[in-house]
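Coordinate analysis (summary)
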Amino acid sequence: MGLLKRAILYITRKWKKTVFISGILFSVSTLVLLGLAFLDAKEKEVVELRGATGVSFSVSRNTATGGWGSDSNGSYSTQEYLTKEMMEAISAVEGIKGYNSSIRTILCLSDMEGKWLEQLQPTGHAMVDCQFYSYGCINSEYDSLFLSGALRMYKGKAVDTSIHNGIIISKEIANKHNLSIGDTIQAINDPLSNDKTLVLQVVGLFETVADKTDERNSYNEASYYDYANYAFISEMAMRNLLENYADVGYASADFFVTDPEQLETIIKKVQNIENINWKNFTIEIKDEVYEQVAGSVADTDTLIFMFILIISGISIVIIVLILSIWIRNRKYEIGIFLAIGVSKRLILLQYILEMILVSVWVYPLSYLFSLIASRGAKSILKNTFSSIIVTPQHFAIVVLTGTGLLILATVIACIPVIRYKPKEILSQME
Amino acid sequence: MNFLKRAYLYLVRKKVKTLFLFITLLIIATMLLTCISIQTAANNGVVNIKKSLRSYFTINAKQLPEGLNEKILKNILSIDGVNGEYILRSYTKAIYLDNNKNLLKIKTEGAATIPLGCENAGKIIGSSNSEKDSYFIEGGFKVIEGNHITLDQKNVILLHRDFAYKNGISLGDTIVIKNLENPELHVEVIVQGLFMNTREQNVGMTPSYDLYENVAFTDIVTSSKLIFGKLNNVFQYGDIYVDNPEQLDNIINNVEAISGVQWEKCILTKYDQGYQNTKRALETLQNIVFATMIVVMIVSFIILVLILTFSVRNRMHEIGVLLSIGMSKSAIVLQQLVEIFIITVFALVISYMTSFLLAEQVGNSLLAKTTKEYRVVEQKNNNNAVIEKDSELEKEVRMSHIEVTISELDYLVVWIVGMALCSITTVFAMIPIIKMKPKNILSQMS
């Protein structure tokens, strides 16, 4: 009787035992498969979590190493400004997800007929009431007012370099002047000069979340304006509006990183950018929130990792244990085989073959089941579970290590039995 | 021979089978206990993350002429979920005088206006923690000499370096700040620090008192005297920190229920952007832990049921013999139950130790990881870019606040579930055998 036939006969005739072993194999491999998927999902979420703390570094011109000039307003730095090329070179470093820099000025806004748009609560002085505190943004999404949650986009989109003549105004101002997304308005820096008047299109509306009356917000000139009288416009438009002014430039820019753990590497790369004279600029890391949470995030990360590692480890121990017992139970059978002259190698091979025949069915089933289970979890828990995916790689890992372990367990369990002479084995039996 | 003795004899004589069952039960119990403890710890980790996101709400009571006082603060701090950390703030303008009551000079160049009466006045910020003030956090101010103002200080002031130089003031000198409207209200303060601005101020529409050089920071006792003429701590703004950002709305409702304050004149704002940004990732992490737990439970359950059923079914022959010699069915079931009970009890007792050891290992690995956490930002020498960083954060030794322990309750739950599961499975596995006639059982054997 061939090896294969004996193995098949054994697993079909002893079907209860086969079902038992399959059941345990199935449970353990499903557990490990899901565990692997969970580990991957955890990794992704931890990176996202770290990234969500908004870690950034800002590059600012170093007023300490530059020259100083003075005029009627007092002294001012003559240090060089950041150029668009410099910022683009920095943002091209891998791991930087976005950046923003802004030029602030006070713009006078009017409708297309040239009628001034009034502020939310006008003072009665026409020349003051049309003034809006404006940021020319590279990417308004990364402006600290939006990142800190003080303002929130209500409708439309953020202004970035892809939009040349866009403006974001407050919901209140839009309501007051019957403006909606797609409408155009006019802007000028100083109506009493020969500054250019530019037509801007409303691309977005923001709403105010923070309490502007809180005097904490009064640390710069922006405090003289209500948030509703703020505006964010495309940087290109801002440059055009301010073309008459020589001393306009980007004093600093904020660069946001995807994973704070990469921050140091990124900064090193940034410092190696050749076309920037780093004597003239300082780099400041802003990672307060990350610093606060890094410890607990690392703890949680380790805990979940250990959690999955330990259960996978323990379940593998269980399967090895059960297999050894199973084979030990076949001592009598081994004795008989040996007595009728079947070689030890063949006996071992038969057992290994049986294991493989059983597990061949179990692995795909548990893969299928894990897929269904993870999809099920996804649909029940909606978006929070979208990151859990059982991949073919996970399946491959389980099949390979699983088969390896099964063979190993079979061999280890057989060795103490096979060592004996058939007579010894048979006489040991009750 | 009664069933107890028989059970005992079976366990002792079938050593290998007993040992096998014992080890399997021990492993499953250990797995469950360790899982529960790590799961609890991981959830605590998420709670810690939420805590460390430092969400807070601000009470803006500027419109209340009497301000907020310590009694109200005490009431707020006693609300569940408020973690006791807070910053009190007040804002005003005051006239600067030296200790001989001579007016001090302020900067006026670049000021849009110098309002009447403000020729020697500047903005005064009363803060219980000047380090956290927006001028320092967002405006780029930096203390260059002396120290920041903390909660328990009184009669101290931080001045701009340029203002101090201009007036010949140095650290430790005494100056006087006087209320603009009410000259009766004046406080003598000691200069305990000098600061400078690292960014230029966009002037143009800035009135004289708001120019950076004319701004000063003082403690909350001083600002209370200066603004309200009260000796105890009265303040205009309070930033109150909470442990769990999810409870912010609730806590704010509780604050507004405190009597004796015209809350309708106050503005309460929550600041939880950090939490809002991380909310989704946190929820997923928690769900992963939860799902793992469920999977472990189900798998342990299946393995346990399979093993117990199999070990009982393997004894069909024995049961047939016992039945045929006239043993009562209940005695047979009881014997099996006693056997399982004895093994389970041993496994559960020992599992406490094994899982304790495992949990300890996990705890140690946490400590190992946190000590590695130091972030070192080196100053590069080959070029001159200066990297600035809050040095205190770096020095702070981060200790893990999570303990991986096995709570009594968890242990009890594993006991109850374990015992119940073992006995129910045993009984269920025996039902079909017991129902058969001994003749059928014995003739079925191979």
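Just above sits the structure.
The following paragraphs examine the structure supplied in this document. Note that the coordinates shown come from a computational prediction; the quantities given were computed from them, not determined experimentally.

Side note on the overall build of chain B
- Assigned secondary structure in chain B consists of 13 helices and 13 strands.
- Along the three orthogonal principal directions, the C-alpha set of chain B runs to about 115 × 60 × 35 Å.
- Pairs at least 24 residues apart make up 79% of the contacts formed inside chain B by residues separated by at least 6 positions.
- Accessible area of chain B: about 20,900 Å², with a carbon and sulfur share of 56%.

Quick word on the pattern of salt bridges
Residues and elements named next belong to chain A.
- Per the stated rule, a full pass over the model turns up 27 salt bridges over all chains.
- K171 serves as the salt-bridge partner of E207, at 3.2 Å between the closest nitrogen and oxygen. Of the two residues, E207 is situated in strand β9 (residues 197–208) and K171 in helix α6 (residues 171–176); the sequence distance between them amounts to 36 residues.
- Accessibility expressed as a relative area gives 24% for K171, which makes it partly exposed.
- With its nearest N and O atoms 3.3 Å apart, the salt bridge here joins D254 to K286. Residue D254 is found in strand β11 (residues 252–257), and its partner K286 is found in strand β12 (residues 281–286); the two are separated by 32 residues along the sequence.
- Overall, the relative accessible area of 26% leaves K286 in the partly exposed class.

Re a nonpolar patch on the surface
All names here are of chain B.
- Taken together, the side chains of F290, I294, M297, I298, F301 and I302 make up a nonpolar region of the molecular surface, amounting to roughly 530 Å² of accessible area.
- Relative to the assigned elements, F301 resides in helix α8 (residues 273–313).
- Of the residues examined, F301 reaches a relative accessible area of 41% and is grouped as partly exposed.

A word on the interface of chain A and chain B
- Chain A puts 92 residues into the contact, and the matching count from chain B is 97 residues.
- Carbon and sulfur atoms make up 64% of the area that chain A and chain B hide from each other, which totals about 8,400 Å².
- Taken as a group, R216, Y219 and F307 of chain A account for 10% of the area that chain A buries against chain B, more than any other trio of residues on that side.
- There are five salt bridges connecting chain A and chain B.
- Among the salt bridges present, the one from E48 of chain A reaches R280 of chain B, with a minimum N-O distance of 2.6 Å.
- At the boundary of chain A and chain B, one finds 15 residue pairs in polar contact (both at pLDDT 80 or more).
- Elements with a minimum of two residues in the side of chain A that touches chain B: α2 (15–51), β3 (74–77), β4 (96–110), α8 (263–271), β12 and α9 (288–328) of chain A.
- The dominant element in the side of chain A that touches chain B, judged by the number of residues it contributes, is α9 of chain A, at 28 residues.
- Grouping the amino acids of the side of chain A that touches chain B by side-chain chemistry returns 47 nonpolar, 25 polar and 20 charged.

Side note on the pairing of strand β8 (residues 186–197) of chain B
All names here are of chain B.
- Within β8, nine of the 12 residues are buried, leaving the element largely enclosed by the surrounding structure.
- Looking at chain direction, strand β5 (residues 141–146) and β8 are connected through five bridges and run antiparallel. Bridged to K142 within β8 is M196.
- When strand β7 (residues 174–179) meets β8, the two strands line up antiparallel, connected through five bridges. Residue pairing across strands places I175 opposite V189, the latter belonging to β8.
- With antiparallel pairing between neighbouring strands as the criterion, β7 and β8 make up a hairpin whose turn holds six residues.

Describing unusual backbone geometry
All names here are of chain B.
- Positive phi, close to 50°, is recorded for R54, a residue that is not glycine.
- The exposure class of R54 is partly exposed, given its relative accessible area of 22%.
- Positive phi is not limited to glycine here, since K101 has a value of about 65°.
- Mapping K101 onto the fold places it in the loop between β3 (82–98) and β4 (121–127).
- On the basis of relative accessible area, K101 is assigned to the partly exposed category, the value being 48%.

Rules behind the numbers
- Residues numbered from 1 in each chain as written.
- Chains lettered and ligands numbered in written order.
- Predicted model: local features only at pLDDT ≥ 70, side-chain atom pairs only at ≥ 80, totals over all residues.
- Heavy atoms only, no water.
- Helix = DSSP H or I, 4+ residues; strand = E, 2+ residues; numbered from the N terminus.
- Contact = heavy atoms within 4.5 Å.
- Areas by Shrake-Rupley, 256 points an atom, 1.4 Å probe, with all protein chains shown as cover.
- Salt bridge = Lys/Arg side-chain N within 4 Å of Asp/Glu carboxyl O.
- Buried < 20%, exposed > 50% of the residue type's maximum accessible area, 1.4 Å probe, protein only.
- Patch = residues over 30% accessible without salt bridge, like charges linked within 9 Å, V, L, I, M, F, W, Y side chains within 5 Å.
- Buried area = accessible area lost by both parts, 1.4 Å probe.
- Polar contact = N/O pair within 3.5 Å; in protein donor to acceptor, adjacent residues only side chain to side chain.
- Nonpolar A, V, L, I, M, F, W, Y, C, P; charged D, E, K, R; others polar.
- Pairing = 2+ DSSP bridges.

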